[in-house]
Protein chains: 4
Amino acid sequence: MKALIEGFLKFQKEAFPQRTDLFKHLATTQHPGTLFITCSDSRVVPELLTQQEPGELFVIRNAGNIVPSYSPHSGGVSATVEYAVAVLGVTDIVICGHSDCGAMTAVAKCKCMDHLPAVAGWLQHAESAKVINESRPHASEAAKVSSMVRENVIAQLANIQTHPSVRLAQEKGLVNLHGWVYDIGTGSIDALDADNKTFKSLVKHPNTVAVHARPAKAVA
Amino acid sequence: MKALIEGFLKFQKEAFPQRTDLFKHLATTQHPGTLFITCSDSRVVPELLTQQEPGELFVIRNAGNIVPSYSPHSGGVSATVEYAVAVLGVTDIVICGHSDCGAMTAVAKCKCMDHLPAVAGWLQHAESAKVINESRPHASEAAKVSSMVRENVIAQLANIQTHPSVRLAQEKGLVNLHGWVYDIGTGSIDALDADNKTFKSLVKHPNTVAVHARPAKAVA
Amino acid sequence: MKALIEGFLKFQKEAFPQRTDLFKHLATTQHPGTLFITCSDSRVVPELLTQQEPGELFVIRNAGNIVPSYSPHSGGVSATVEYAVAVLGVTDIVICGHSDCGAMTAVAKCKCMDHLPAVAGWLQHAESAKVINESRPHASEAAKVSSMVRENVIAQLANIQTHPSVRLAQEKGLVNLHGWVYDIGTGSIDALDADNKTFKSLVKHPNTVAVHARPAKAVA
Amino acid sequence: MKALIEGFLKFQKEAFPQRTDLFKHLATTQHPGTLFITCSDSRVVPELLTQQEPGELFVIRNAGNIVPSYSPHSGGVSATVEYAVAVLGVTDIVICGHSDCGAMTAVAKCKCMDHLPAVAGWLQHAESAKVINESRPHASEAAKVSSMVRENVIAQLANIQTHPSVRLAQEKGLVNLHGWVYDIGTGSIDALDADNKTFKSLVKHPNTVAVHARPAKAVA
């Protein structure tokens, strides 16, 4: 904790003065363009990874970068998605998984979670990804975990499209969805190409979009 | 979105190479000391604010930096807290609110949220803070919002202490809880002094701890 | 009720003897090819509408032909979908709405449902369809209801694709999804063309499929 | 699926023209007298079995013809029962089980359902029937399943009487409840005689009513 407080003192002395105008401007307003949904994992820092300044990314972080599908009894992720899309009007949503994810490793290896009831319940929102991953052969345990991370991103992209606010924004052509997987050791990102359900290097294919916004069209 | 991808390319060229050894080390392990719970707000960047490198902060972010109290049908925050405390063994938990919070402004001003059903449901977890805030006189609307932000941090600190994993860690003397409020315009932080329920400048009182871990003691 | 019992006596005398061999065969086995999900409405009789004999259609019927998206605390629709797909191995799923639907009329006209709390709760699973329908101009109240029926079919097709059993079967290329709207007065059916989100006459376009099964492909 | 579309074309050419007046009349109204609750099983076709035309039966179908008892967070069955009783004013409710029921066989034989979590959860609504069935000796496995089907009908009749809409209609003397078991191989139906909890052939005892509506009477 000492490191955090020393870090904050350093922020006040160095990082804040470099951004005085930015923070003065941001004091009473925010207009982030992107909702960035990623894992709570300490190694995944969205603003570092995308080199974004304060004010750019509206961020949801939880174990496993999970978005429960919509239900009348929704929780914090649903509320935060609704706020980002319906109030702030973000134009892009990134769901970003990552290598060596503890949550996805637990799912892929069917680890006993009797002593972690809240975690076990939460990870059932990755069940559709799990059954697909289980149905395939994998070259190794590591490959199975890696594939699980990817399938989970795909599943959460399906889940988020059951949310009224997201569907309405898609229908109006206002929001694009992106599926990313970040590799901690190499600093690379693979992005989902929705057309053929494969992940491609973001460096080589910078324009990949998981799900394009659809221009509004009346249902005749 | 273009800015994000360009930012990522910059990360690969500049930020990653500066940390090659760190990321190689982190590729297969994380040992964060702190669980940092804050708002999804784009202006609040935990790692910038505390000048922490990847690997240090396990982060939960949602609208209003809310921690629902424990229940059998818990959601993502409960799962992530459980994982941080029971699996990763964090020694400190920071709940960090901030100035100009959209969620707390909506609560303090009793804004109609009929068009935001998920947000409305979620903010009921701040109800105990709201009724306390309503019971007091406030010099202005701004003061009322500012007070709401503080009361919410206090309420969420109470909520998190209903979680079995947190209570067990407290009982064992393994975890300290901290309540912070970050001011965006000035870059300052006030920390809760649990003894007299007041917030004090973190610069002047760097050792303030909201709730000390209690050494385990048998209940006679 | 007298009519039902007389009807049953007639069934025993006339309809059953015409199908003695079929029913003898079916006494201990069923292999339906299709899961047919439609409204409880008395005017929509799936087997009449598709001229199918007993043994062909596995049928779910509830108010509004709704399929809640998947959640750990799932109910009867989720269970029945799981049974149809994972145990019986149906190859097609039809979600069939219909004209003059009481449930969709209530949603489209924002009727007060304070006296019908269970109905009100249930119809929140059509919320994403409602917000889209509300966002469009409609030539008349009747057109708005008609459009609501169509949007609801599209929304329920999105919901069903969050179910693990369905996603797995899609991934293996084993199941196709179909969106239908039946017009009671004219006896016609419009089917959803998923590519451009329009409904087309099933007579003129008999091969329309809402969502094609995807051949399994490993996520690299 | 080809058979369904061909069946529909046949419906348009043959079955619809025979009922043009009926369907024209039904286009904007329904007045079903009976709520018929039965299994999703493809071999059980309510309208065939009771020789009823469109407009007569309001139908709920799910795996195991289950009606969860009432709770604040009710689902589709509760909503559909509420609509049938409180809005449409049906005068009779039939809960119809059937021979060779996959769901009841799974319950009676305690089959492992680890791979079918949604089904397993749903069939807990038949738990009270299961424990009663387990408490009795059975001549064979087949007899045990057959008894389970009957006990389930009795249990679901108890469940439906916890619904406010049903209890109110009973109290006003407006609705009768019926428990049926249909035998697929022989086309016969046994009906529950509520007085002595036995099932009797509907042909021989056509006036059997499971639970009579009670004329309203003040509770002194």
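Note that this is a predicted model, so its numbers are computed, not measured. (Residues numbered from 1 in each chain as written. Chains lettered and ligands numbered in written order. Predicted model: local features only at pLDDT ≥ 70, side-chain atom pairs only at ≥ 80, totals over all residues. Heavy atoms only, no water.)

K.L.:
Looking at this structure, I do not really get the overall build of chain A. What am I missing?
P.N.:
A tally of regular secondary structure across chain A gives 9 helices and 6 strands. Over its C-alpha atoms chain A spans a radius of gyration of 19 Å, differing by no more than 12% from the 17 Å that the globule rule assigns to 220 residues. Projected onto the principal axes, the alpha-carbon positions of chain A cover approximately 55 × 55 × 40 Å. Relative to its full complement of 220 residues, chain A shows a buried share of 61%. Summarising the internal contacts of chain A: among those between residues at least 6 apart in sequence, 64% fall at separations of at least 24. For chain A, the accessible surface area stands at approximately 7700 Å², while carbon and sulfur atoms represent 53% of it. Separation of charge centres in chain A, based on 20 positive and 20 negative side chains, amounts to 1 Å. (Helix = DSSP H or I, 4+ residues; strand = E, 2+ residues; numbered from the N terminus. Rg over C-alpha atoms; globule rule 2.2 N^0.38 Å. Buried < 20%, exposed > 50% of the residue type's maximum accessible area, 1.4 Å probe, protein only. Contact = heavy atoms within 4.5 Å. Areas by Shrake-Rupley, 256 points an atom, 1.4 Å probe, with all protein chains shown as cover. Lys, Arg positive; Asp, Glu negative; His and termini not counted. Charge placed at Lys NZ, Arg CZ, Asp CG, Glu CD.)

K.L.:
Explanation requested: the domain arrangement of chain A in the structure shown.
P.N.:
Frequently, the measure chosen for interface size is the accessible area that the parts lose on association. All names here are of chain A. Looking at chain A, the domain boundaries give domain 1 (1–29) and domain 2 (31–201). Each of domain 1 and domain 2 was reduced to a C-alpha centroid, and the two centroids are 29 Å apart. Across the boundary between the two partners, domain 1 contributes 5 residues, which contact 4 residues of domain 2. A per-residue breakdown of the area domain 1 buries against domain 2 is headed by Arg19, Leu26 and Thr29, which together make up 68% of the total. (Domains from an automatic or database assignment. Buried area = accessible area lost by both parts, 1.4 Å probe.)

K.L.:
Explain the packing of aromatic side chains here, please?
P.N.:
Both the distance between ring centres and the angle between the ring planes are used here to describe each pair of aromatic rings. Counted according to the given criterion, the structure contains 28 aromatic pairs over all chains. Centroid distance D:Phe8 to D:Phe11: 6.3 Å. Interplanar angle 25 degrees. Geometry classified as stacked. Taken together, the residues span about one helical turn, with D:Phe8 and D:Phe11 both in helix H1 (residues 2–15) at a distance of 3 residues. Classification of D:Phe8 by relative accessible area gives buried; the value is 0%. Taking 5.1 Å as the distance between ring centres and 15 degrees as the angle between the ring planes, the aromatic pair formed by D:Phe16 and D:Phe23 counts as stacked. The pair formed by D:Phe16 and D:Phe23 is uniform in burial state, with each residue classed as buried. One residue, B:Arg150, lies across the ring of B:Phe199, its end atom 5.5 Å from the ring centre. (Phe/Tyr/Trp six-rings, centres within 6.5 Å; stacked < 30°, edge-to-face > 60°. Lys NZ or Arg CZ within 6 Å of the ring centre and 35° of its normal.)

K.L.:
Would you mind showing me how to read the pattern of salt bridges here?
P.N.:
A side chain of one charge can pair with a side chain of the opposite charge when the charged atoms of the two come close. Counting across every chain of the model gives 38 salt bridges over all chains. One salt bridge connects C:Glu171 with A:Arg136, and the closest N-O pair in it is separated by 3.0 Å. One end of the pair, C:Glu171, is in helix H9 (residues 164–171); the other, A:Arg136, is in the loop between helix H7 (127–134) and helix H8 (141–160), on a second chain. For the pair C:Glu171 and A:Arg136, one class covers both residues: buried. Across the pair D:Arg136 and D:Glu151 runs a salt bridge, and its minimum N-O distance is 2.5 Å. Of the two residues, D:Arg136 is situated in the loop between helix H7 (127–134) and helix H8 (141–160) and D:Glu151 in helix H8; the sequence distance between them amounts to 15 residues. (Salt bridge = Lys/Arg side-chain N within 4 Å of Asp/Glu carboxyl O.)

K.L.:
Looking at this model, I keep getting lost on H9(C). Mind explaining?
P.N.:
Turn by turn, an α-helix covers 3.6 residues, leaving residues three or four places apart pointing in a common direction. By the criterion of burial, H9(C) is predominantly enclosed, with 8 of the 8 residues buried. Taken residue by residue, H9(C) has C:Pro164, C:Ser165, C:Val166, C:Arg167, C:Leu168, C:Ala169, C:Gln170 and C:Glu171 as its buried positions. Along its buried surface, H9(C) packs onto H7 and H8 of chain A together with helix H4 (76–87), strand S3 (92–98), helix H8 (141–160) and strand S4 (176–183) of chain C. Downstream of H9(C) by one or two residues, C:Gly173 has phi in the positive range, about 75 degrees.

K.L.:
In this structure, what is going on with the relation of the copies chain D and chain C? I would like to understand it.
P.N.:
Superposition of the two copies of the chain requires a rotation about an axis and a shift along the axis. Mapping chain D onto chain C calls for a rotation angle of 180 degrees and an axial translation of 0.0 Å; the resulting RMSD is 0.1 Å. Both chain copies can therefore be described as sitting about a two-fold axis. Residue D:Arg61 of chain D places its C-alpha closer to the rotation axis than any other residue of that unit, at 2.4 Å. The residues that chain D uses at the interface reappear at the interface of chain C in 100% of cases, marking a shared surface. (Least-squares fit on C-alpha atoms with pLDDT ≥ 70 in both.)

K.L.:
I would appreciate a short explanation of the interface of chain D and chain C in the present structure.
P.N.:
Taken together, the 76 residues of chain D in the interface contact 76 residues of chain C. Both sides together, the interface formed by chain D and chain C hides about 6400 Å², and carbon and sulfur atoms give 66% of it. Linking chain D with chain C are 2 salt bridges. Salt-bridge contacts for D:Arg61 lead to C:Glu47; the nearest nitrogen and oxygen are separated by 3.0 Å. With 10 residues, H1(D) is the largest single contributor of residues to the side of chain D that touches chain C. Counted by class, the side of chain D that touches chain C contains 42 nonpolar, 24 polar and 10 charged residues. (Nonpolar A, V, L, I, M, F, W, Y, C, P; charged D, E, K, R; others polar.)

K.L.:
What is the right way to look at the pairing of strand S2 (residues 57–62) of chain C in this model?
P.N.:
Each regular strand displays side chains that alternate between the two surfaces of the sheet. Residues and elements named next belong to chain C. Most of S2 is tucked away, with 6 of its 6 residues classed as buried. Of the two faces of S2, the one holding Leu57, Val59 and Arg61 and the one holding Phe58, Ile60 and Asn62 are both buried throughout. Both strand S1 (residues 34–39) and S2 contribute to a ladder of 6 bridges, which runs parallel. Along S2, the bridge assignment pairs leucine 35 with phenylalanine 58. (Pairing = 2+ DSSP bridges.)

K.L.:
Honestly, the packing of helix H4 (residues 76–87) of chain A against helix H9 (residues 164–171) of chain A in this entry has me stumped. Any pointers?
P.N.:
When two helices pack together, you describe them by how their axes are tilted relative to each other and by the distance separating the axes. All names here are of chain A. Running from N to C, H4 and H9 cross one another at 30 degrees; their axes reach a closest spacing of 8 Å. As summarised for this structure, H4 and H9 are arranged roughly parallel, according to the angle between their axes. Where H4 crosses over H9, the two elements pack in a sense that is left-handed. The segment H4 lies against H9, with Val81, Glu82, Val85 and Ala86 engaging Ser165, Val166 and Ala169. In the contact of H4 with H9, the residues fall into 5 nonpolar, 1 polar and 1 charged. (Axes fitted to C-alpha atoms, helices over the stretch in contact; angles between N-to-C directions. Parallel < 35°, antiparallel > 145°, perpendicular 65-115°, else oblique. Left-handed = near helix turned anticlockwise from the far one by under 90°.)

K.L.:
Would you explain the state of the cysteines in this entry?
P.N.:
Here is the idea: a disulfide is a covalent bond, and it sits between the sulfur atoms of two cysteines. Residue and element names in this part refer to chain B. A complete count under the given rule lists 0 disulfides over all chains for this structure. The thiol sulfur of cysteine 101 is not disulfide-bonded, and the nearest other cysteine sulfur, from cysteine 39, lies at 4.2 Å. Note on cysteine 101: relative accessible area 2%, which makes it buried. (Disulfide = S-S within 2.5 Å.)

K.L.:
Quick question: what am I supposed to make of the environment of B:Leu49 here?
P.N.:
Assignment of secondary structure puts B:Leu49 in helix H3 (residues 46–49). Taking relative accessible area as the criterion, B:Leu49 reaches 2% and is therefore assigned buried. Separated by 128 residues in the primary sequence, B:Leu49 and B:Leu177 place their C-alpha atoms 18 Å from one another. Residue contacts for B:Leu49: discarding those within four places in its chain leaves A:Gly7, A:Phe8, A:Phe11, B:Tyr182 and B:Ile189.

K.L.:
Help me out: how do you make sense of H1(D) in this one?
P.N.:
All names here are of chain D. For H1, which comprises 14 residues, the first-to-last C-alpha distance of 18 Å matches the rise-based estimate of 20 Å (1.5 Å per residue) to within 8%. Among the residues making up H1, those that are buried are Leu4, Ile5, Gly7, Phe8, Phe11 and Ala15. End-on, the buried residues of H1 take up no more than an arc of 155 degrees, which puts them together on one face. Seen from the buried face of H1, the exposed residues on the opposite side, beyond 90 degrees, are Lys2 and Lys13. (Expected span 1.5 Å × (residues − 1). Arc of directions from axis to C-beta.)

K.L.:
Even after reading the chapter, I still don't get unusual backbone geometry, so can you show me in this structure?
P.N.:
Residues apart from glycine generally show negative phi values, whereas peptide bonds are mostly found in trans. Its identity is not glycine, yet C:Asp100 carries a phi of approximately 60 degrees, on the positive side. Along the polypeptide, C:Asp100 turns up in the loop between S3 and helix H5 (102–108). Look at C:Asp100 and you get partly exposed, because its relative accessible area is 29%. Backbone geometry places D:Asn65, a non-glycine residue, at a positive phi of 40 degrees.

K.L.:
What am I meant to see in the pairing of strand S5 (residues 188–193) of chain A here?
P.N.:
Residue and element names in this part refer to chain A. Two elements, strand S4 (residues 176–183) and S5, share 4 bridges in a ladder whose sense is antiparallel. Directly across from tyrosine 182, in S5, lies its bridge partner isoleucine 189. Between S4 and the antiparallel strand that follows it, S5, lie 4 residues; glycine 187 among them carries a positive phi value of about 70 degrees. Bridge analysis of S5 against strand S6 (residues 198–201) gives 4 bridges, and the strand direction is antiparallel. Opposite leucine 192, over in S6, you have phenylalanine 199 as the bridge partner. Linkage of S5 to S6, two consecutive antiparallel strands, is achieved through a turn of 4 residues, within which lysine 197 is found at a positive phi near 55 degrees.

K.L.:
How should the environment of A:Lys130 be read in this particular structure?
P.N.:
Residue and element names in this part refer to chain A. Mapped onto the secondary structure, lysine 130 falls in helix H7. As for lysine 130 and methionine 148, which are separated by 18 residues in sequence, their C-alpha atoms are 6.8 Å apart. Residues contacting lysine 130, with those up to four places away along its chain left out, are Val107, Cys110 and Met148.

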